[in-house]
Amino acid sequence: MTSALNKKPRVVLFTSKCERGLRYEDSLSIPFGLHILKTYLEKNGAQCDVCDLELCAKANENKNSPISYLTEDDYVKRIEKGDYDIIGFSPTHWNMQTDLEFMYKLRKASAKSQKKSLFIAGGHSATISSEDWLKYGMDLILLGHCELALVEVLKRFVKNGSNLNCDIYSDVKGVSY
């Protein structure tokens, strides 16, 4: 992807944002599906960050840890600087209000950067309720297993100069807009 586009596109993928944060220690696990997408994107020439804000917050509570994870504010600052071409979410229906508030916050940050970032969603909830997520502000929904569709969307987005006209994705299988 890099050689054809002469630019290494950047993607950030967020898990659903829990209103009350993590409540149970045994529910800590990495967002496996998003890491599969990250691996696939990177094999196809993109840079990708994956963020589970609750997992990062829990890890940052350990003051003895040599590792520090980015916070929500860190990601907002990156988006304000225009660091990402695509901002993706794996929302859930039970966290919909919190997920929407977070998406609106990131849209405001993106508007400050004056960079056109494409807002996408995928996963079970986005697939089942794609019309709702589109109505509330997502640009595209990626349906089902979306590795191939996501790479194609990214290629077209960068090739078309960050064009937010979703008609350029009309023939991509697994995309709703």
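All figures in this text were calculated on a predicted structure; none of them were measured in a lab.

Visitor: Explain the side chain of Ser-16 to me, and be specific about the residues and the numbers.
Guide: Here Ser-16 shows up in the loop between strand 1 (10-15) and helix 2 (32-43). Here Thr-92 takes part through its side chain, which lies 2.9 Å from a polar atom of the side chain of Ser-16. There is a polar contact of 2.9 Å between the side chain of Ser-16 and the side chain of Asp-99. Setting aside chain neighbours within four positions, we find Ser-16 in contact with Glu-54, Ser-90, Pro-91, Thr-92, Asn-95 and Asp-99.

Visitor: Give a detailed account of the nonpolar core, specifying residues and quantitative values.
Guide: Ranked by internal contacts, the top residues of the largest apolar core, which has 25 residues, are Val-153 and Tyr-169. Of all the elements in the fold, those that place two or more residues in this core are strand 1, helix 2, strand 2 (47-51), strand 4 (118-122), strand 5 (140-142) and helix 8 (147-159). Among the elements that line this core, the one with the most residues is helix 8, at seven residues. Residues in contact with Tyr-169, not counting those within four places in the same chain, are Leu-118, Leu-140, Val-153, Arg-156, Phe-157, Asn-163, Val-175 and Tyr-177. Core analysis: the next-biggest nonpolar cluster, separate from the first, contains 23 residues, Tyr-84, Phe-102, Ala-121 and Ile-141 among them.

Visitor: Give me the lowdown on the sheet that holds strand 5, citing residues and values where you can.
Guide: Strand order in the open sheet formed by six strands is 2-1-3-4-5-6, and the pairing between neighbours is mixed. The sheet terminates laterally at strand 2 and strand 6 (175-176), the two strands that pair on one side only. In this structure, strand 1 lies alongside strand 3 (residues 86-90), joined through five bridges in parallel fashion. What sits directly across from Leu-13, in strand 3, is Gly-88.

Visitor: Requested: an account of the pairing of strand 3, with residues and values cited.
Guide: The buried fraction of strand 3 is high, at four of five residues. Bridging between strand 3 and strand 4 involves four bridges; their strand directions are parallel. Each bridged residue has a counterpart across the sheet, and for Ile-87 the counterpart in strand 4 is Phe-119. In the classification by handedness, the crossover that spans strand 3, the intervening helix 5 (residues 96-113) and the parallel strand 4 is right-handed.

Visitor: Give a detailed account of the pattern of salt bridges, specifying residues and quantitative values.
Guide: The full count for this structure, using the stated rule, is 10 salt bridges. In this structure, Glu-72 and Lys-105 form a salt bridge, with 2.7 Å as the shortest nitrogen-oxygen distance. Here Glu-72 is found in helix 4 (residues 72-80), whereas its partner Lys-105 is found in helix 5, with 33 residues between them in sequence. Classification of Glu-72 by relative accessible area gives buried; the value is 19%.

Visitor: So what's going on with the packing of helix 2 against helix 8? Residues and values would help.
Guide: It is the contact of helix 2 with helix 8, at a shortest axis distance of 10 Å, that shows an interaxial angle of 50°. Between helix 2 and helix 8, the interaxial angle falls into the category oblique. Considering how the two elements wind past one another, helix 2 and helix 8 form a crossing that is right-handed. Every residue of helix 8 that contacts helix 2 at Ile-36, Leu-37, Tyr-40 and Leu-41 is listed here: Glu-147, Leu-148, Leu-150, Val-151 and Leu-154.

Thresholds, definitions, all that
- Residues numbered from 1 in each chain as written.
- Predicted model: local features only at pLDDT ≥ 70, side-chain atom pairs only at ≥ 80, totals over all residues.
- Heavy atoms only, no water.
- Helix = DSSP H or I, 4+ residues; strand = E, 2+ residues; numbered from the N terminus.
- Polar contact = N/O pair within 3.5 Å; in protein donor to acceptor, adjacent residues only side chain to side chain.
- Contact = heavy atoms within 4.5 Å.
- Core = buried A, V, L, I, M, F, W, Y, C linked by side-chain atoms within 4.5 Å.
- Buried < 20%, exposed > 50% of the residue type's maximum accessible area, 1.4 Å probe, protein only.
- Pairing = 2+ DSSP bridges.
- Right-handed = clockwise from strand over helix to strand, strands pointing away.
- Salt bridge = Lys/Arg side-chain N within 4 Å of Asp/Glu carboxyl O.
- Axes fitted to C-alpha atoms, helices over the stretch in contact; angles between N-to-C directions.
- Parallel < 35°, antiparallel > 145°, perpendicular 65-115°, else oblique.
- Left-handed = near helix turned anticlockwise from the far one by under 90°.

Note that all results are geometric; they support no functional claim without further evidence.
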